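Single-letter residue listing:
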Amino acid sequence: MTRVAIVGGGPGGYEAALVAAQLGAEVTLVDRDGVGGSAVLTDCVPSKTLIATAEVVSDAAESAELGVELGHDSVGVDLRRVNQRVLALAKAQSADTTAAVEKAGVQILRGSGRLAPGDRVVVDEGSHEFVADVALLATGARPRILPEAEPDGERILTWEQVYDLDELPEHLVVVGSGVTGAEFASAYNALGSDVTLVSSRDRVLPGEDADAAYVLEEVFARRGLNVLSKSRAASVRREGSGVVVSLTDGRTVRGSHCLMAVGSVPNTEGLGLSECGVALDDRGFVKVDRVSRTSARGVYAAGDVTGVNMLASVAAMQGRTAMWHALGDAVSPLNLKTVAANVFTDPEIATVGWSQAAVDAGDIDAVAVKLPLATNARAKMLGIRDGFVKLFCRPGTGIIVGGVVVAPRASELIHPISLGVEASLTVDQMARAFTVYPSLSGSVAEAARQLHRRD
Ligand SMILES: Cc1cc2nc3c(=O)[nH]c(=O)nc-3n(C[C@H](O)[C@H](O)[C@H](O)COP(=O)(O)OP(=O)(O)OC[C@H]3O[C@@H](n4cnc5c(N)ncnc54)[C@H](O)[C@@H]3O)c2cc1C
């Protein structure tokens with residue numbers, strides 16, 4: 001029986017453990033903080049639970065247009081209760097995941113693991129040690145800390161610390177306008193905080209579709225969320241009962257709290273990597289190929305520690321792929337062009353496949369159509385004004401190669417496009433499939449219809 005050791009119990013680790021157990025291996029999973037990892041305990045699950053409350057608040061706040069009369073002047077939240085729910089839900093999800101992994105026959109060891117020469121895995125500096133034929137590193141990443149903006153857990157916060165707040169920040173300054181910064185800015189703005197988003201670039205979400213980011217900026221402006229573009233934070237310090245964010249151009253921004261969202265660094269320290277011949281890339285992430293192999297024989301890596309695409313879904317797929325490969329099952333190399341991703345702002349921004357930037361740069365020959373949601377009957381009924389569906393296909397064959405959806409629950413609407421990209425469906429095939437009338441997904445089919453080639 002193949003002995004598999006997995007270090008790190010996030011989606012990269014626990015999904016790999018489930019596959020390895022299914023394929024008959026003897027699996028030991030070593031985890032420091034709780035099965036589910038940061039994804040479940042501090043990152044995806046808590047943030048999306050907070051955002052679920054924010055969505056209800058903003059739907060209620062905008063319901064007057066639909067003829068709803070609320071009993072009070074405004075909708076408020078009790079942040080202490082919101083955060084209690086967030087943390088309880090994360091704990092419950094971790095417990096459910098632990099139970100599923102145990103039920104599959106995986107042995108879970110609580111502690112810090114590292115590799116050691118001789119195919120050994122050492123837990124908590126020798127309290128436990130075992131030999132494995134195959135090892136998977138899935139130790140994740142943690143928030144990047146700038147020395148000039150050290151979080152104190154009270155006023156200057158990382159995204160892991162926001163759930164300790166008992167009261168809604170009066171004025172939250174969010175430093176960083178990538179996905180995490182934009183999501184928290186959008187959520188706290190909906191919950192009722194004044195929000196300033198400090199963005200070093202000329203627009204929010206610099207890595208996303210530019211049309212989508214433009215819609216989001218317009219919505220932010222309408223809701224009074226202040227975006228400071230081309231503004232780089234030099235330092236953040238506490239002053240009295242608030243914070244002062246100093247920008248590199250000499251300006252200062254004052255707020256009650258500051259959330260630092262300036263990226264992540266991989267958890268590679270103390271893992272015995274160099275002794276075991278596991279190479280890092282020039283950014284400090286564990287170097288892997290498309291079946292998750294590292295430079296050391298028998299050692300695989302998955303998830304944020306590899307920096308391939310820092311998403312829970314990608315971590316999980318890398319982990320499964322590693323086990324399929326190591327244990328001799330059918331395996332296809334990871335294809336990043338089929339990854340569906342979502343930014344959980346309001347509205348959400350979901351993408352899959354080739355991007356507009358790649359099409360504009362000539363990296364792929366594709367034609368596009370963009371349909372605003374404002375003309376969709378269901379959108380009108382729901383009071384949705386912002387957003388669009390964009391579809392890309394090859395000019396000759398009509399094969400779908402990518403898409404963008406900006407809408408409430410875009411994360412659900414992207415799936416037909418994702419399926420189209422994965423299965424190389426044509427726009428005609430997508431257009432022929434029925435959609436419900438009235439529905440937002442009708443706009444996906446309509447976009448496909450508009451891309452039909454007349455010749
Ligand atoms: C605020 C935020 C929101 C996010 N939202 C989403 C989202 O909605 N959707 C999405 O797809 N992605 C989201 N992500 C990204 C997602 O959280 C990560 O991509 C995902 O957690 C990566 O999984 P992982 O298995 O690599 O590592 P992690 O989830 O970080 O888990 C790693 C585990 O390894 C443990 N560990 C570390 N070192 C050791 C050691 N030496 N020994 C034993 N255990 C160790 C850690 O304690 C942890 O439990 C979000 C990220 C952030 C920051």
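Residues numbered from 1 in each chain as written. Predicted model: local features only at pLDDT ≥ 70, side-chain atom pairs only at ≥ 80, totals over all residues. Heavy atoms only, no water.

**What to know about helix α7 (residues 312-326)**
Consideration 1: Counted at 1.5 Å a residue, the expected span for α7 with its 15 residues is 21 Å, and the 21 Å between its end C-alpha atoms agrees.
Consideration 2: Phi for Gly328, located one or two positions after α7, is positive at around 80°. (Helix = DSSP H or I, 4+ residues; strand = E, 2+ residues; numbered from the N terminus. Expected span 1.5 Å × (residues − 1).)

**Examining the pattern of salt bridges**
Consideration 1: As enumerated under the stated definition, the model contains 23 salt bridges in all.
Consideration 2: Asp211 is paired through a salt bridge with Lys390; the nearest N and O atoms lie 2.8 Å apart. In this pair, Asp211 sits in helix α6 (residues 210-222) while Lys390 sits in strand β22 (residues 388-393), placing the two residues 179 residues apart along the sequence.
Consideration 3: Since its relative accessible area comes to 29%, Asp211 is described here as partly exposed.
Consideration 4: For Glu446, the salt bridge is made with Arg449, and the minimal N-O distance between the two is 3.2 Å. Of this pair, Glu446 and Arg449 both sit in helix α13 (residues 441-450), 3 residues apart, which is roughly one turn of that helix.
Consideration 5: The exposure class of Glu446 is partly exposed, given its relative accessible area of 28%.
Consideration 6: A network of salt bridges, in which partner residues are shared, links Glu62, Arg223 and Asp346. (Salt bridge = Lys/Arg side-chain N within 4 Å of Asp/Glu carboxyl O. Buried < 20%, exposed > 50% of the residue type's maximum accessible area, 1.4 Å probe, protein only.)

**Some thoughts on the UniProt feature "domain: Pyridine nucleotide-disulphide oxidoreductase dimerisation" (unreviewed entry) in the chain**
Consideration 1: UniProt records the feature "domain: Pyridine nucleotide-disulphide oxidoreductase dimerisation" (unreviewed entry) for residues 340-447 in the present numbering.
Consideration 2: End C-alpha atoms of residues 340-447 are separated by 18 Å, and the span's content is 33% helix alongside 28% strand. (UniProt positions renumbered as here; feature names shortened; annotations may be inferred.)

**Observations regarding the domain arrangement of the chain**
Consideration 1: Domain boundaries in the chain define domain 1 (3-143 + 265-336), domain 2 (156-262) and domain 3 (347-451).
Consideration 2: The C-alpha centroid of domain 3 is placed 30 Å from the C-alpha centroid of domain 1. (Domains from an automatic or database assignment.)

**Some details on the site of the ligand**
Consideration 1: With respect to spatial proximity, 37 residues lie near the ligand, and among them Gly12, Asp33, Gly113, Asp304 and Ala312 are the closest.
Consideration 2: For the ligand, an oxygen atom lies 2.9 Å from a polar atom in the side chain of Ser38.
Consideration 3: A distance of 2.9 Å is found between an oxygen atom of the ligand and a backbone nitrogen or oxygen belonging to Ala312.
Consideration 4: For the ligand, whose free accessible area comes to 990 Å², the fraction covered by protein is 92%.
Consideration 5: Residue composition of the shell around the ligand, grouped by class: 15 nonpolar, 16 polar and 6 charged.
Consideration 6: When residues of the shell around the ligand are sorted by domain, at least three fall in each of domain 1 (3-143 + 265-336) and domain 2 (156-262). (Near = heavy atom within 4 Å. Polar contact = N/O pair within 3.5 Å; in protein donor to acceptor, adjacent residues only side chain to side chain. Areas by Shrake-Rupley, 256 points an atom, 1.4 Å probe, with all protein chains shown as cover. Nonpolar A, V, L, I, M, F, W, Y, C, P; charged D, E, K, R; others polar.)

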